[in-house]
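Survey of secondary and tertiary structure
Given next are the chains, with one letter for each unit.
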Protein chains: 4
Amino acid sequence: MSAPLDARVVREWGERYSNWGRWGEDDQKGTLNFITRERVRAACALPRSGEVISCALPFDDEGPQSGIGGRHNPIHRMIATGADALAGAQDFFPGGFNYADDSVSMPLQCGTQWDALAHVFYDGKMYNDRDVALVTSRGAQANSIDQIKDGVVGRGVLLDMPRFLRRPWLDDGTRILPEDLDACAEASGVAVESGDVVLVRTGMLTRCLTQKSWQGYCGGPAPGLSVHCARWIFEREIAALATDTWGVEVIPNETPDCFQPLHMISLRNTGLLLGEIFHLDALSKSCAADGNYAFLFMAAPLPITGAVGSPINPLAIK
Amino acid sequence: MSAPLDARVVREWGERYSNWGRWGEDDQKGTLNFITRERVRAACALPRSGEVISCALPFDDEGPQSGIGGRHNPIHRMIATGADALAGAQDFFPGGFNYADDSVSMPLQCGTQWDALAHVFYDGKMYNDRDVALVTSRGAQANSIDQIKDGVVGRGVLLDMPRFLRRPWLDDGTRILPEDLDACAEASGVAVESGDVVLVRTGMLTRCLTQKSWQGYCGGPAPGLSVHCARWIFEREIAALATDTWGVEVIPNETPDCFQPLHMISLRNTGLLLGEIFHLDALSKSCAADGNYAFLFMAAPLPITGAVGSPINPLAIK
Amino acid sequence: MSAPLDARVVREWGERYSNWGRWGEDDQKGTLNFITRERVRAACALPRSGEVISCALPFDDEGPQSGIGGRHNPIHRMIATGADALAGAQDFFPGGFNYADDSVSMPLQCGTQWDALAHVFYDGKMYNDRDVALVTSRGAQANSIDQIKDGVVGRGVLLDMPRFLRRPWLDDGTRILPEDLDACAEASGVAVESGDVVLVRTGMLTRCLTQKSWQGYCGGPAPGLSVHCARWIFEREIAALATDTWGVEVIPNETPDCFQPLHMISLRNTGLLLGEIFHLDALSKSCAADGNYAFLFMAAPLPITGAVGSPINPLAIK
Amino acid sequence: MSAPLDARVVREWGERYSNWGRWGEDDQKGTLNFITRERVRAACALPRSGEVISCALPFDDEGPQSGIGGRHNPIHRMIATGADALAGAQDFFPGGFNYADDSVSMPLQCGTQWDALAHVFYDGKMYNDRDVALVTSRGAQANSIDQIKDGVVGRGVLLDMPRFLRRPWLDDGTRILPEDLDACAEASGVAVESGDVVLVRTGMLTRCLTQKSWQGYCGGPAPGLSVHCARWIFEREIAALATDTWGVEVIPNETPDCFQPLHMISLRNTGLLLGEIFHLDALSKSCAADGNYAFLFMAAPLPITGAVGSPINPLAIK
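Residues numbered from 1 in each chain as written. Chains lettered and ligands numbered in written order. Predicted model: local features only at pLDDT ≥ 70, side-chain atom pairs only at ≥ 80, totals over all residues. Heavy atoms only, no water.

Things to note about the interface of chain B and chain A
What counts here: Contact between two residues is taken to exist if any of their heavy atoms lie within 4.5 Å; hydrogens are not considered. Here the quantity called buried area is the accessible surface, traced with a 1.4 Å probe, that two parts lose on coming together, added over both. One speaks of a salt bridge when a side-chain nitrogen belonging to Lys or Arg is within 4 Å of a carboxyl oxygen belonging to Asp or Glu. The way it works is that DSSP assigns letters per residue, a run of H or I at least four long becomes a helix, a run of E at least two long becomes a strand, and they are numbered from the N terminus. All residues other than Ala, Val, Leu, Ile, Met, Phe, Trp, Tyr, Cys, Pro, Asp, Glu, Lys and Arg, Gly among them, are scored as polar; the first ten of these are nonpolar and the last four charged. At least two DSSP bridges between two strands are needed for those strands to be called paired.
Facing 88 residues of chain B, the contacting portion of chain A comprises 88 residues. Approximately 6600 Å² of surface area, both sides summed, lies buried where chain B meets chain A, with 64% of it carried by carbon and sulfur atoms. Interface area lost by chain B to chain A is led by Phe97(B), Phe259(B) and Leu302(B), which between them contribute 8%. For the pair chain B and chain A, the interface holds four salt bridges. In terms of residues, the side of chain B that touches chain A owes the most to one element, strand S4 (residues 101-107) of chain B, which gives seven residues. Grouping the amino acids of the side of chain B that touches chain A by side-chain chemistry returns 49 nonpolar, 25 polar and 14 charged. With two bridges joining them, strand S6 (residues 120-121) of chain A and strand S3 (residues 98-99) of chain B adopt antiparallel strand pairing. Bridge pairing in S3(B) links Val120(A) to Tyr99(B).

What follows is the structure in structure tokens.
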């Protein structure tokens, strides 16, 4: 590459890989528009074994968050318990009916999650030429996660980078280029197509679980996608892209003067749905076992009104 | 029926319609075991149009909760906003990167949701002969929602009672008997089979939205399933059952001396996954339009460790 | 009054009754500066009986909040319970040690509370010429409640309007003028002095408790201080002022084109500490009984970093 | 000491130093009963300079909690901000009124706090012969913090151990015996009397702040009171006792087979109000400067209904 990667290039590429207006000025779904009904139907024809595999990390206080940016792990509190029942605190119910009930308090992006199109922006604008002033303490008035409540169902493709490279995981700072994605896909016998949900495994989450330490996972150095993938994502018409890392992108970023440039381009300009902290180990094993890296994928966000993200439990049906 | 319906009968029927031990003493999935891989595969073959329909109510402060039992509507709070960015509060990011972030605090059963098998119990025991002392302030050590993280994917069947009966909604107190379910299914051209996820629409939620009032929705009189459905659920081998009401069952309950007897029998003894506060109006319209009341259904719970319920965004793929 | 009370007058009076710069450009305490050490000492000399009276409403789910502005009543959740202990969930502690623990989630102004000087502002500025851009999702960088962590201790004076007027409570919409305050004080045998904490009882809270309904309490019509009190507050050098209402001021406001004009003038320009939802009934009875309306008063805010308000438990020592 | 300190001795001493029934079987205030009105009045006569000193640690995300026992640092979230106002999100208010609002979510014992008498118990009973089954997910039905809403106002005495011993702080594991407390008091020119609120400074919090690390502060080794102080507390008729540590007591505990024995005896049997995580550095300096270790003390708990603790902002008035 001749030109240095900097904040100016990020804006140029943002212009170049923009889908603003492509699906109308009212559009709030971005690249999910690539998942047409035909593609949903075709994806439903993929399952062979009927095996269902969750790609979610457990939501609990052993999660990856360390407090950065005000994000903490889920706080689970009981409202009623079996112990209460035994202690007689529920005797007001007739007939011996007893129950347990509970609640959670959690940042919406503390675990396995989708970013809404209102999550990242720059220069005062977010996806589809909308003003960032629409995102206040009362939530996002546009591009919020509830706009995609009927998604995400489509064809999922796993690009299992460490397995392809015969390593347990990619090292921190390893950048994944478009040609790496293509090579991995080819070796996996799968072609990435318009409307695909692409799951890129780096092994970083595997490493954290193996080493029993989340140190550095949130916001620290990480393997991840190069900003050069912005073009690949745009041209391949990827519907959604997710990784097993905190922030999809390689860290340190390739743009010394710009934080998370791929988010800036792909989320804001391309309108790409990004997923993070996906737990892809079980899926990795299953795909390696049957040699099949394409499957029916679904991950429905909770339609929290005005939210800029949502925890999810993504499922792959093989 | 000759015998009066009372707390004693509830226990008798609990014995009669029990699946304890059916899938081993370690089982924590209950009736979801009826959804075999074959049935998942068969369900995936159902979609014709590729239309995806969400069955979730928006999660926000206009939800149905009134504070009963400590349940409140979701509290959505921003951690970072576009307004912050405009005010210069995010200038520490290089390159003009800006973002929004948020959190939610919510009872796990405040909106569209699954009950875990640890949610309802009596006489000191919950599903599969487990002690209720396992459910304390630290969560449920068994029968918790994270035990079914690989679910729920299967065949969904909508039994649209008010449409069948040509009414806008069923009146409060209307009980739905097994023969009503069968008649509705037959009129809809669908047969309920082992492993089905049965969605019963009463129209109560439609009424609340139409009248713009949740008054009485939570815990008040409601149309719903008769306790006689316990046998139907058991014999038909229903995998999961959900309604558009707060608590599935007809209220007032048919057992004056026993609260929510169907929960007591079907959830605790049969091991049935129950869903509540499903928003079935869009699905109702779609099924009426194409005459097809069976579809691929999926509703993955958030695997919150030790939780006794989970908010969900159920999807029907037609 | 000849001139109409409108948004323009509010700004004029804001200029006129401003304490900006009075205690230096770094000041973040406003009128609390009137409580000199001498006045603290003098206030400590007031108690005669040693009776201590709380002026806090209980913090629980029966509080006054109705959800307006995102404010809800406190949500109290247990982390550990006696029931847990009985169920054996705490047996890991040696020697039979058992405990209970808990948490709260609450808007800082959902009950008896102080407003920080960062709570109300207009025209882009808050107290002491500070930019409102200092108040973002990360909290208030100035004029926050933790700036007054060493307060509030001083002389308290109760102006018990309904007792003075021989009524159970003032009607909604009743405005309290400076001359009303003076007449009440005189009848109570007390003179309001520089540095005083003035507690004005309207009886509205008494009425809500009596009628067992908070309907309209938050944000609805209310008895309260006239905007004309802005001058009285400024000239008398009141250190803090609190009422038993949601918002101190008479509602409907006297300025049809301006919401809460007294907050705008007195909080932002005068730098007045305002207290709300004070429960003054016990204090009212005590003062009526002994005829003594001045006392040692203390109400320490929780020093929550960057907060714009704090729940408090105000104490009067007589 | 001849007898080994074990769980059996803890129960013996619990019997010996019990105040159960001393103030009636309905009593829920315990040792606060020692603060008679006369003592309140006398305490009010103590202040000489009028200086007010807060003994609270800031409540924020840099607090001492590490997640042990489900305790996290306070989570402060904004509901409305100045940035919102600038972005036009508050333009619906007439007259340019703008405001900020916020909320907190916090364990009640995550920072400077009082333990309620329902906080610690053993053998199925808590203070004044009450069953621990009274403490369930719905809160404590007795011995809760709201029972002492009219407290705590009285004479405070600082026992500044590290200053007395001419060290910056006591080492972890250092136990403080009754004779140490007496020696320190004598050297400070103060006699501990019935009804006193005794603040014992160990310097541990100073060390953590100095070293910018809370490592080990919560639940780890700590300097603190010996279990032998149980007798001293009982005989001296201490009204409340607080330290600058997480748990008052020396850790490792002197009773290998029993956790926190002083809590077991003094809180449960003696009915002692315990305070923890007090920030005593400013008070330490002030007392050293004027040589006066007795002062008017006040620390009012938030009357959260049924709570087993409360955050506080304790004030010393000198």
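Remarks on the sheet that holds strand S2 (residues 75-80) of chain B
The condition is simple: Interaxial angle, 0 to 180 degrees, is taken between N-to-C directions of lines fitted to C-alpha atoms, where a helix line uses only the stretch in contact.
Here four strands make up an open sheet; going across it, the order is S2(A)-S4(A)-S4(B)-S2(B) and the pairing antiparallel. Pairing within the sheet leaves two strands with one partner each, and these edge strands are strand S2 (75-80) of chain A together with S2 of chain B. Strand-to-strand twist in this sheet, taken as the mean axis angle between neighbours without regard to direction, amounts to 15°. The pairing of strand S4 (residues 101-107) of chain A with S4(B) spans five bridges and is antiparallel. For Ser105(A), the partnering residue across the bridge sits in S4(B) and is Ser105(B).

A word on the relation of the copies chain B and chain D
We count it as follows: A least-squares superposition brings the copies together, and it is based on the C-alpha atoms of residues with pLDDT no lower than 70 in both.
Between chain B and chain D, the superposition needs a rotation of 180° and an axial shift of 0.0 Å, giving an RMSD of 0.0 Å. What we have between these two chains is a two-fold relation. Of every C-alpha in chain B, the one belonging to Ala83(B) sits nearest the axis of rotation, 2.6 Å from it. A shared binding surface is used by both copies, with 100% of the interface residues of chain B retained as interface residues in chain D.

A look at the relation of the copies chain B and chain A
Of the transformation placing chain B onto chain A, the axial shift is 0.0 Å and the rotation is 180°, giving an RMSD of 0.0 Å. Both copies contact each other with a shared surface, as 100% of the interface residues of chain B are interface residues in chain A too.

Structural notes on the confidence of the model for chain A
Rules: One number per residue, pLDDT, summarises how confident the predictor is, and it ranges from 0 to 100.
For chain A, per-residue confidence averages 97 on the pLDDT scale, and residues scoring 70 or more make up 99% of the total. Scored as a complex, the prediction yields pTM 0.97 and ipTM 0.97.

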